[in-house]
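# Architecture and fold: a report
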Amino acid sequence: AVQAVVIRGQGTPPAPPVAAKTASKPVADDSRASARSTRYQDAAGYTEALREHQKTGKPVALYFYADWCKYCAQLERGILSRSEVKQYLGTILYVSVNPEHGKPEAALFQKFDGRGYPTFLVLAKNQPVQEIPTSVPPEAFLQECREAARGTSQ
């Protein structure tokens, strides 16, 4: 007979495969928070980033998440906390928005037709908003972000 055990809870998602040349480091408990923008947060951060975007032309990366979302946790641990991704996001205007933080955040999510978490968008000057796939390897995620920021995505 086969016995099934159902375990519910906030387990740690399996780590993505690590290339042989990359040293694996233990992930700190605050890796999720550090994967989010510390400078631009929620609706007020978006407004500030948008002003900066209009002045400088720098692209805006807009990350919609929820604290309870297991797919957001996977994105943050597996992609957004990677040094090369954090380095890239540091060169553009990176905004983290939790629509559950208030009405302005929920309205912003609706403005961009948000339908689920995580949602990661790139806004570049004179380009349509590009949604970046989040269930891809970090290298592909970074490539998609770069192409969207340059306006070369298909």
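Details of the structure are given in the entry above.
Just so we're clear, the structure is a prediction, and the values are computed from it rather than from any experiment. (Residues numbered from 1 in each chain as written. Predicted model: local features only at pLDDT ≥ 70, side-chain atom pairs only at ≥ 80, totals over all residues. Heavy atoms only, no water.)

### A word on helix 2 (residues 42-56)
With 15 residues, helix 2 extends 21 Å from end C-alpha to end C-alpha; this agrees with the ideal 21 Å at 1.5 Å per step. By the burial criterion, the buried members of helix 2 are D42, A43, G45, Y46, A49 and H53. The buried side chains of helix 2 occupy one side of the element, clustering within an arc of 150 degrees when seen end-on. Facing away from the buried side of helix 2 by more than 90 degrees, the exposed set consists of A44, R51, Q54 and K55. Downstream of helix 2 by a residue or two, G57 has a phi angle that is positive, lying close to 80 degrees. (Helix = DSSP H or I, 4+ residues; strand = E, 2+ residues; numbered from the N terminus. Expected span 1.5 Å × (residues − 1). Buried < 20%, exposed > 50% of the residue type's maximum accessible area, 1.4 Å probe, protein only. Arc of directions from axis to C-beta.)

### Focus: the environment of H101
When you line up the elements, H101 lands in the loop between strand 3 (93-97) and helix 5 (103-111). Measuring from C-alpha to C-alpha, the distance between H101 and D42 comes to 7.6 Å, with 59 residues separating the pair along the chain.

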